[in-house]
Each structure stands twice: as structure tokens, then as C-alpha cells.
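Each chain, written out:
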Amino acid sequence: AEAVRKFCRRIGFPMSDLVIRNEVSAHDLAAAYRHALVCIVPSFTEGFSIPLAEAVHAGTAVVASDIPTHRDLIGAGPWLATPSSVADMARAVRATIKTRHAVLRRQQESLGDKARPEAVRSRVTSLLSQLLAMPADASAPVTRHAGDGRRPHIAVATPWPPQRSGIASYSRHTMARLADLADVTILTNEPPDRLEPGDARISMREISASAY
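Draft legend 1. Layout of the overall build of the protein chain. When you go through the protein chain residue by residue, the secondary structure sums to 8 helices and 6 strands. Reading the helices (α) and strands (β) of the protein chain from amino to carboxyl end gives α-α-β-α-β-α-β-α-α-α-β-α-β-β. Counting all 212 residues of the protein chain, 26% fall into the buried class. Partitioning the contacts of the protein chain with sequence separation of at least 6, the portion at a separation of at least 24 is 44%. Summing over all exposed atoms, the protein chain offers an accessible surface of approximately 14300 Å²; the carbon and sulfur share of this is 59%.

Draft legend 2. View of the pattern of salt bridges. Scanning the model with the defined rule gives 9 salt bridges in all. As a salt-bridge pair, arginine 5 and glutamate 2 come within 3.9 Å of each other at their nearest N and O atoms. Of this pair, arginine 5 and glutamate 2 both sit in helix H1 (residues 2-11), 3 residues apart, roughly one helical turn. What you see here is one network of salt bridges that share partners, running through Glu2, Arg5 and Arg9.

Draft legend 3. Local environment of the nonpolar core. Core analysis: the biggest nonpolar cluster contains 17 residues, and Cys39, Val41, Leu52, Val56, Val62, Ala64 and Ile74 have the highest contact counts within it. In terms of residues, this core owes the most to one element, helix H3 (residues 50-58), which gives 4 residues. Filtering out sequence-adjacent residues up to four positions away, valine 41 remains in contact with Ser49, Pro51, Leu52, Val62, Val63, Ala64, Ser65 and His70.

Draft legend 4. Examining the sheet that holds strand E5 (residues 183-188) more closely. Strand order in the open sheet formed by 3 strands is E4-E5-E6, and the pairing between neighbours is parallel. Each edge of the open sheet carries a strand with a single partner, namely strand E4 (153-157) and strand E6 (203-206). On average, adjacent strands in this sheet sit at an angle of 25° to one another, irrespective of strand direction.

Draft legend 5. Geometry of a nonpolar patch on the surface. A surface patch of nonpolar side chains, about 690 Å² in accessible area, is lined by Val120, Val124, Leu127, Leu128, Leu131, Leu132 and Met134. Assignment of secondary structure puts valine 124 in helix H7 (residues 117-133). Judged by relative accessible area, which is 43%, valine 124 ranks as partly exposed.

Draft legend 6. Here's a closer look at the environment of histidine 153. Locating histidine 153 in the fold gives a position in strand E4. Here histidine 153 falls in the exposed class, since its relative accessible area comes to 56%. Within the local environment of histidine 153, its side chain forms a polar contact with the side chain of aspartate 183, the two groups lying 3.5 Å apart.

Draft legend 7. Representation of the sheet that holds strand E1 (residues 39-41) within the structure. An order of E1-E2-E3 is seen for the 3 strands of this open sheet, with the pairing classed as parallel. Only two strands of the sheet have a single partner each, and these edge strands are E1 and strand E3 (80-81).

Draft legend 8. Spatial organisation of the environment of alanine 1. Among the secondary structure elements, alanine 1 is positioned in the segment before H1. Take alanine 1: its relative accessible area is 56%, and that puts it in the exposed class. The sequence separation of alanine 1 and arginine 21 amounts to 20 residues, and the corresponding C-alpha distance is 9.6 Å.

Conventions we followed
Residues numbered from 1 in each chain as written. Predicted model: local features only at pLDDT ≥ 70, side-chain atom pairs only at ≥ 80, totals over all residues. Heavy atoms only, no water. Helix = DSSP H or I, 4+ residues; strand = E, 2+ residues; numbered from the N terminus. Buried < 20%, exposed > 50% of the residue type's maximum accessible area, 1.4 Å probe, protein only. Contact = heavy atoms within 4.5 Å. Areas by Shrake-Rupley, 256 points an atom, 1.4 Å probe, with all protein chains shown as cover. Salt bridge = Lys/Arg side-chain N within 4 Å of Asp/Glu carboxyl O. Core = buried A, V, L, I, M, F, W, Y, C linked by side-chain atoms within 4.5 Å. Pairing = 2+ DSSP bridges. Axes fitted to C-alpha atoms, helices over the stretch in contact; angles between N-to-C directions. Patch = residues over 30% accessible without salt bridge, like charges linked within 9 Å, V, L, I, M, F, W, Y side chains within 5 Å. Polar contact = N/O pair within 3.5 Å; in protein donor to acceptor, adjacent residues only side chain to side chain.

This is the structure in C-alpha cells:
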């Protein structure tokens, strides 16, 4: 936040026009998207760009960095720009604002139902049904199932609290439930002694990216 304020002061942007929000409610966030001329998502990398999908669903055109995830979600077009180039991002903002209604339609067509909860749920359910219906392969290695009295071993590489990440919080919630059914080992780059009450049934292993 301080870096943004410093930048705005340097370029002469009116500080009264700068609003930095934190812990925004879903209702306020939706309103912010709807009232914006465009939503700018300049990430250098994304797994799945939630702000991008939220903005398009709210009816706001997006200016985004030209990275594979964004091209996959909203298609290629003048709304994409090199994230390291201020000039290119400015060009994309100008182009998108000028034709934002047409841009939004194209982005909505490209996004389709990729981020619609009911559609995602349907696809996951359909795939799981197909997998569960598949006959067991007699030639495959023997695996351990919870139903045979022996608990399966599952390792999960994920962020983990106290890391400040929504994924970390989500992982703790879901892995705690999974630990009811399996022996779970968390592979994370947070020291394994940083555990909280409720993590006792989950073993931890610290890993790093140095090997890669």
C-alpha cells in the first residue's frame, strides 16, 4: 500500500482519488466491480485468476497481463498487455475503456462457464462418477483403501498456515477432514514446528524450491 501511495505522489495522482481497501465484504466487492470502468489484473503469474473471473461475471471488462492463464480465461485481444511495461498496460487500458462493452462481451464468451460454481460442480461430479464406475485393473499395483481396514497414505504439497494465503487456510480446513480417513503428510515450505491446535493428526515435512 505504501508503495502505491509513493508512486501516486511521484506522478501527481490526487491522493483523494486513491482508495485502498482490505477485508472487503462480498457485497462491497461486487459493487466495486460493477461500478469500475475496467478491472486491471497485472499479475506476472496466476494459477486461476479469481479477480478476473469475478469482474467479468459482475459485468466489468478486464485489462490483464498477457500470460497463459489470462489468455485461456478471457481470450487474446487488445485488453492483454506485458505486465512489466507501463506503456503497454496504459495502451491496453485506453483500448479497453474505449470499447469496454464490446470487450466485455468477448471476454464473457471466452470465459463461458469456466468459473460458474454450479458448472464446475457438475463437471467434477460427472468425472468422479466416471472414475468410480471404472472396473478395478487386476494388473495394477495393489493400493490401500480405507474400506479394507488400512488407512491410505496421502501427501499434499500446499501452502499452510501461518502463511498468509487463502489456499493455506483452505488446505488446513480440507486436510483436517481428510485426516479422518487417511494418514496425511503436508509438504510445505513453512517450518514443520509451526503447527496449531488441531494439526496433531497431520504430519509435516518442510520442502523448498532449491532442488528446482
